[in-house]
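Now for the letters of each chain:
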Amino acid sequence: MKKFLVALFLGGMLFPLRWASGQETDSLEVLYDRAPVKTFLGARTTLVSDQLTTTPATGYLPALTGRMSGFYTQQNQGFRVMNTAVNYNVDAFLGNRPIAGAGVPSENTEYNISLRKQSPIVVIDGIQRDIFSIDPENIESITVLKDALSTIALGQRSSRGVLLITTKKPQAGKTRISFTAQAALQEPLNLPKPLPAHQFAYLLNEALTNGGNQPAYTEEQFELFRTGTDPLRYPNTDWYDQVLRKTAPLMRYNLSANGGGKTAQYAIALNYTDQLGLFKESPEVAYNTNSSLKRYSLNTNVNIRITDRFTLGMQIMGRIQDGNEPGVGTQNLLETLKKTPNGVYPIKNANGSWGSTSYFKDNLLALTTNSGYRQDHLKDVMANVDLRYDLNDWVKGLSVKATTNVAVQSLTGIVRERKEPTYQMVVGSAGDTSYNIMANAVAQNNDFNTVFNARYWFGQVSVNYERDWAEHHFQASLMGDQRRTLFNYDLPAVATNLTGKLSYDYQGKYMAQAALNTSGFNRYRPGYQYGLFYAFGLGWNIKKEPFLQDGASWLDELKLRGTFGKTGNGVDNSGYYEYRATFMATDGRIGSGVYSAGTERSELRGYWENTYLPNVRTWEGAYKLNVGFDAAFFGNRLQWVADAYYDRYFDLLQTRGKSIEMIGIAYPAENIGKTNIKGLESTWTYQQQLGDVGYFASANLTVEQSKVVFFDEQQQRYPWQEVTGLPMGVRMGYIADGLLQSMEEIENGASTVGYDAQPGDIKYRDLNEDGVIDQFDRTLISSTKPLIYYGFTLGFRWKGLECSALLQGVTNRELYLNDRAIHGGFLGFGGYEQAYEPILDRWTPETAATATYPRLTIGNSHNYAESSFWIRSGNYFRLKNVQVAYSFPASFTEKLRLNGLKLFANALNVSTWSAYKGQDPEVPTGAYPLQRVFNVGVNVNL
């Protein structure tokens, strides 16, 4: 069997990158179909299976980071966020009232993703479903579609681009069984560094005295904290060490079978994932209190050739997922961990009771191991049926296709939370010890919550015509589809599309394509439900021109291509029939929307509107232009694909900036906003085989910029206050000019109303030079440079040994240090919250010349106003993924009666170089931490 390199698809080209066995393909997966590689005109990138499975993770998103131009990911959590909230409100008279229009709980809670600054539509095997937990072992390819022509069939959802997931399909041949087992260790990274108890006490005294207050601790108490001679009254507990494990296991198993004959083929895959979190557990507690994830999944595909003209495809995909976390909740526990000082109380008092104080009434370790547990349970099944009939006997080149999908999803939660009693140990002057209760015991509740229920139906019918006349190729299709979703107790949401497409090429040299779509959604106001969208593209394969056929043997491919279209962004932002007036009965109390009347303050009862002003919202629109080229050189060893795009979004849903609430009610969102987004994307790949050694290198680069064109901004007094014309999402605040160094500088500078500045405070720039720092001095404080992100993939193979590495990074990105517990210190609980290492660089008279933080104070709002002082560079460069694998030769595996045996080891988040060292450049401090993962595995083929 021929050996070749499994391909990376970019634009309309096939780029070999990884080694495998099989045959090259000349067609690509596109939305609802396949398309020829040579005549594809859109902007896209595709990753295949081997590139996905090198990343040890519970889903496929981590494998995409740094590999696909135009697709940006930023991790914000190191573990999934559970959902146990009920989907109804409790009413004393009516019982449980369903929450209308609540929407689908997101399955992706760990990553922010964007495709050209839009949230992409996820399409799995032709079905629109936001499923992010598919095991990469089951995925054949992942494609991003970026331009208007490639996504136009989505109609009112076509502006956002597509993340196209294709699972492994049946292949005819002898049954092939594959089993993969993997075991990993997860290690937390960039944990905050809390101050030890004696340092905390010393700096707290400094903060108190800076504000004119008495110190809280004496020199003797500093020494007791430092030496640890009285650990019950003066403890120094490293709570991060007490609460979090050093490592946590991750286990994954995959069993698949694929094969079949000429008439029927099948592909079956079973997956099991078992991931444990970082929280410690108590051997005295009989149930699991750690964060954990267990997932069981099944995917079956069957293709049947009923006749030579008629084929049937069936697929069933099912998942059962069980999550667990401490009863207090993961985020609540991490927030308490961040705020609890090392010296606040002992883990346990002398009598064995849980320690606490009047400020910190809940014992942190008790919350971790003895607060009960929460669970969420997801059950999801979907079934697809595809029918294809070739009508070539009646009309040459004519065929029809029909697809239907039915899916059911259920998410439930169990909350069994409890609390242990806590006590403050008090030692009297006579040496007598007493225990004052700070928090009473709370018996374990036993709540079963219905979180979310959904039913999906999708139906699609298409008629396709394809003919060749000599050197002319023509293709046309007419496709209609409808998608119905029923969430919880809502009325069904119905999205309908009708799309016509035409495609023509001459000798594969000159190409023209066009598409027209009409799309509707039933939750918009009548008269605003339907929209008309269109797209077209042109291409020119210059390499096929006679003047390049003979004289440029070094050039293998040079195709120019461009697309333009009008697209839509609706459905998901439609609201729940918001154009209709709804009412709610008042409960008769003052402040519930009624007024008192009469001398006796008698109450007026009645009804009031939930939405007050008419809402005529409809879908948003965009004009999207993409131009690019695909080039290959030197026998396809070097490839270069580049795209430039300009997208103009209009009718964006926004609340009018000039609205004033003189009538006491808020204004609705309207289709008024305008934004421009533009960018450049480029990918270079080089690969070569030299005897037994093969190697490749690939790099991708994305530069993207945005501009707010219109959002009905209020007229500003000064031009530096205006946001119109700036990039999307900019930060406004005060410009910091360092720290105030003397009273003379304070007296000669601008003042802040209501605050008496002191040396060591932040000095803000008086932009209007009126001598006062106020709202008129706020301006742009964040960067306006375009965001740049990139990735490098390197690899080689020598005989059975394979090595690969992925490096990725981001430039022109900024962090805002708004976590006051970490970067301010002494803000909550009367100033007794934990403090961290960054404040060691605070201003004092002795460190005035080198200080990077303001003077310490208790709850100082002046120094923590939004300003440029707290902006840091978010640039970073990360060795994201490394894999080493060895495939045993056939001479060895045949002795074991195996078709293949492979051992591998890989790692995720191996090392990071960042401009700011105070926290991880992606996951913010206080969230579940980013983890480095070391993984080993074995793959056996039978």
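Residues numbered from 1 in each chain as written. Predicted model: local features only at pLDDT ≥ 70, side-chain atom pairs only at ≥ 80, totals over all residues. Heavy atoms only, no water.

Asker: Outline the overall build of the chain, listing residues and values.
Answerer: Of regular secondary structure, the chain possesses eleven helices and 50 strands. Against the 2.2 N^0.38 benchmark of 30 Å for 942 residues, the chain shows a C-alpha radius of gyration of 31 Å, consistent with a compact globule. The burial tally for the chain puts 52% of its 942 residues in the buried class. Considering only intrachain contacts with a sequence separation of at least 6, the fraction spanning at least 24 residues in the chain is 71%. Total accessible area on the chain is roughly 42000 Å²; 56% of this is exposed by carbon and sulfur atoms. Once the 90 positive and 90 negative side-chain charges of the chain are each reduced to a mean point, those two points are 8 Å apart. (Helix = DSSP H or I, 4+ residues; strand = E, 2+ residues; numbered from the N terminus. Rg over C-alpha atoms; globule rule 2.2 N^0.38 Å. Buried < 20%, exposed > 50% of the residue type's maximum accessible area, 1.4 Å probe, protein only. Contact = heavy atoms within 4.5 Å. Areas by Shrake-Rupley, 256 points an atom, 1.4 Å probe, with all protein chains shown as cover. Lys, Arg positive; Asp, Glu negative; His and termini not counted. Charge placed at Lys NZ, Arg CZ, Asp CG, Glu CD.)

Asker: Please give an account of unusual backbone geometry that cites residues and values.
Answerer: In the Ramachandran plot, Arg116 falls in the positive-phi region, its phi being about 55° despite a non-glycine side chain. Turning to its location among the elements, Arg116 is positioned in the loop between strand S9 (111–115) and strand S10 (121–124). Positive phi values are uncommon outside glycine, yet Gln507 reaches one of about 60°. Among the secondary structure elements, Gln507 is positioned in the loop between strand S26 (493–506) and strand S27 (510–521).

Asker: Report on the pairing of strand S4 (residues 33–36), specifying residues and quantitative values.
Answerer: Where strand S3 (residues 27–30) lies against S4, four bridges are found, and the strand directions are antiparallel. Opposite Val30, over in S4, you have Asp33 as the bridge partner. Hairpin connection of S3 to S4: two residues between the antiparallel strands, including Tyr32 at a positive phi of 65°. (Pairing = 2+ DSSP bridges.)

Asker: I'd love a proper account of helix H3 (residues 197–210), names of residues and values included.
Answerer: Taking 1.5 Å per residue as the helical rise, H3 with its 14 residues ought to reach 20 Å, and the 20 Å between its terminal C-alpha atoms agrees with that figure. The complete set of buried residues in H3 reads Ala197, Phe200, Ala201, Leu203, Leu204, Asn205, Glu206, Ala207 and Leu208. Tucked into the core, H3 has its buried residues touching helix H4 (219–227). Looking one or two places after H3, you find Gly212, whose phi comes out positive at around 80°. (Expected span 1.5 Å × (residues − 1).)

Asker: For the side chain of Asn405, give the residues involved together with the corresponding values.
Answerer: With respect to the helices and strands, the residue Asn405 is situated in strand S21 (residues 398–417). Among the polar contacts made by the side chain of Asn405, one reaches the side chain of Asn384 at a distance of 2.3 Å. When sequence neighbours within four positions are dropped, the list of residues in contact with Asn405 reads Ile127, Met382, Ala383, Asn384, Tyr456, Trp457 and Phe458. (Polar contact = N/O pair within 3.5 Å; in protein donor to acceptor, adjacent residues only side chain to side chain.)

Asker: A description of helix H6 (residues 330–339) should follow, citing residues and the corresponding values.
Answerer: Among all positions in H6, only Thr330, Leu333, Leu334, Leu337 and Lys338 are buried. The arc enclosing the buried residues of H6, seen along the axis, measures out at 135°, which places them on a common side. (Arc of directions from axis to C-beta.)

Asker: Could you give me a rundown of a nonpolar patch on the surface, with the residues and numbers involved?
Answerer: Nonpolar side chains collect at one region of the surface, where Ile177, Phe179, Leu255, Ile268, Leu270, Leu298 and Leu942 lie side by side and expose about 530 Å² of accessible area between them. Elements with a contribution of two residues or more to the nonpolar patch: strand S14 (173–188) and strand S16 (264–276). You can see Leu270 is positioned in strand S16. (Patch = residues over 30% accessible without salt bridge, like charges linked within 9 Å, V, L, I, M, F, W, Y side chains within 5 Å. Salt bridge = Lys/Arg side-chain N within 4 Å of Asp/Glu carboxyl O.)

Asker: Let's hear about the side chain of Arg872: which residues, and what values?
Answerer: Residue placement: Arg872 occurs in strand S47 (residues 871–873). Buried charged residue Arg872 carries no salt bridge. Nearest counter-charge: Asp841, at 8.5 Å. Only 2.6 Å separates the side chain of Arg872 from the backbone oxygen of Phe869, close enough to count as a polar contact. Setting aside chain neighbours within four positions, we find Arg872 in contact with Glu814, Leu815, Leu817, Thr852, Tyr853 and Tyr916.

Asker: Tell me what's going on with the nonpolar core, and back it up with residues and numbers.
Answerer: The biggest cluster of nonpolar side chains holds 31 residues, and the ones touching the most others in it are Tyr60, Leu64, Phe71, Leu163 and Ile165. Contributions of two or more residues to this core are made by S9, S10, strand S12 (139–145), strand S13 (162–167), strand S20 (372–390), S21 and strand S24 (447–469). Among the elements that make up this core, the one with the highest residue count is S24 (four residues). For Phe71, the residues in contact, after removing those within four places along its chain, are Leu61, Leu64, Ile113, Ser114, Leu115, Pro120, Val144, Leu163 and Tyr789. Grouped together as the second largest cluster of nonpolar side chains are 24 residues, Val243, Leu278, Leu337 and Tyr345 included. (Core = buried A, V, L, I, M, F, W, Y, C linked by side-chain atoms within 4.5 Å.)

Asker: Just give me the short version of the environment of Ser462, but keep the residues and values in it.
Answerer: By the element assignment, Ser462 lies in strand S24. Measuring from C-alpha to C-alpha, the distance between Ser462 and Phe564 comes to 24 Å, with 102 residues separating the pair along the chain. When near neighbours in sequence (up to four residues on either side) are disregarded, Ser462 contacts Ser399, Val400, Lys401, Leu478 and Met479. A distance of 3.4 Å separates a polar atom in the side chain of Ser462 from a polar atom in the side chain of Asn464.

Asker: For the pattern of salt bridges, give the residues involved together with the corresponding values.
Answerer: Counted under the stated rule, the structure contains 42 salt bridges. Here Arg309 ties to Asp393 by a salt bridge, and the two come within 2.7 Å at their closest N and O atoms. Within this pair, whereas Arg309 is found in the loop between strand S17 (292–305) and strand S18 (310–326), its partner Asp393 is found in the loop between S20 and S21, the two being separated by 84 residues in sequence. For Arg309, a relative accessible area of 27% gives the class partly exposed. According to the relative accessible area criterion, Asp393 is exposed, its value standing at 54%. We note a salt bridge from Glu417 to Arg374, for which the minimum N-O separation is 3.2 Å. Of this pair, Glu417 sits in strand S21 while Arg374 sits in strand S20, placing them 43 residues apart in sequence. Using a relative accessible area of 22% as the deciding quantity, one classes Glu417 as partly exposed.

Asker: I'd like a rundown of the pairing of strand S28 (residues 530–541), residues and numbers included.
Answerer: Of the two faces of S28, the one lined by Gly531, Phe533, Ala535, Gly537, Gly539 and Asn541 is fully buried and the one lined by Tyr530, Leu532, Tyr534, Phe536, Leu538 and Trp540 carries no buried residue. For S27 and S28, the ladder comprises eleven bridges, and the chain directions are antiparallel. Within the sheet, the bridge partner assigned to Met511 lies in S28 and is Gly539. Pairing of S28 with strand S29 (residues 555–569), which is carried by eight bridges, proceeds in the antiparallel orientation. Looking at the pairing, Trp540 lines up with Leu560 of S29.

Asker: How would you sum up the packing of aromatic side chains? Please name residues and give values.
Answerer: One pass over the structure, following the stated rule, counts 42 aromatic pairs. Measuring from ring centre to ring centre gives 6.4 Å for Tyr389 and Trp394, while their planes differ by 45°; the resulting arrangement is tilted. Grouped by ring-pair contacts, the aromatic residues Phe536, Phe564, Tyr623 and Phe650 constitute a single cluster. Here the guanidinium or amino end of Lys348 rests over the ring plane of Trp354, the centre of that ring lying 4.6 Å away. The ring of Trp870 carries Arg820 above its face, with NZ or CZ at 5.1 Å from the centroid. (Phe/Tyr/Trp six-rings, centres within 6.5 Å; stacked < 30°, edge-to-face > 60°. Lys NZ or Arg CZ within 6 Å of the ring centre and 35° of its normal.)

Asker: Give a detailed account of the sheet that holds strand S19 (residues 354–355), specifying residues and quantitative values.
Answerer: Read from one edge to the other, the open sheet built from three strands follows the order S19-S22-S23, with strand pairing classed as mixed. Only two strands of the sheet have a single partner each, and these edge strands are S19 and strand S23 (433–439). As paired elements, strand S22 (residues 422–427) and S23 share six bridges and run antiparallel to each other. Across the sheet, residue Val426 finds its bridge partner in S23, namely Ser434.

Asker: Go over the environment of Leu204 with me, naming the residues and quoting the values.
Answerer: With respect to the helices and strands, Leu204 occurs in helix H3. A relative accessible area of 0% places Leu204 in the buried class. Counting along the chain gives 13 residues from Leu204 to Tyr217, while the straight-line C-alpha distance between them is 8.4 Å.

Asker: An account of the packing of H3 against H4 is requested, with residue identities and associated values reported.
Answerer: The contact between H3 and H4 brings their axes to 7 Å, and the two run at 155°. Judged by the angle between their axes, H3 and H4 are roughly antiparallel. Here H3 contributes Ala197, His198, Ala201, Tyr202 and Asn205 to the contact with H4, which in turn contributes Phe222, Phe225 and Arg226. Class assignment of the residues belonging to the contact of H3 with H4 gives a composition of five nonpolar, two polar and one charged. (Axes fitted to C-alpha atoms, helices over the stretch in contact; angles between N-to-C directions. Parallel < 35°, antiparallel > 145°, perpendicular 65-115°, else oblique. Nonpolar A, V, L, I, M, F, W, Y, C, P; charged D, E, K, R; others polar.)

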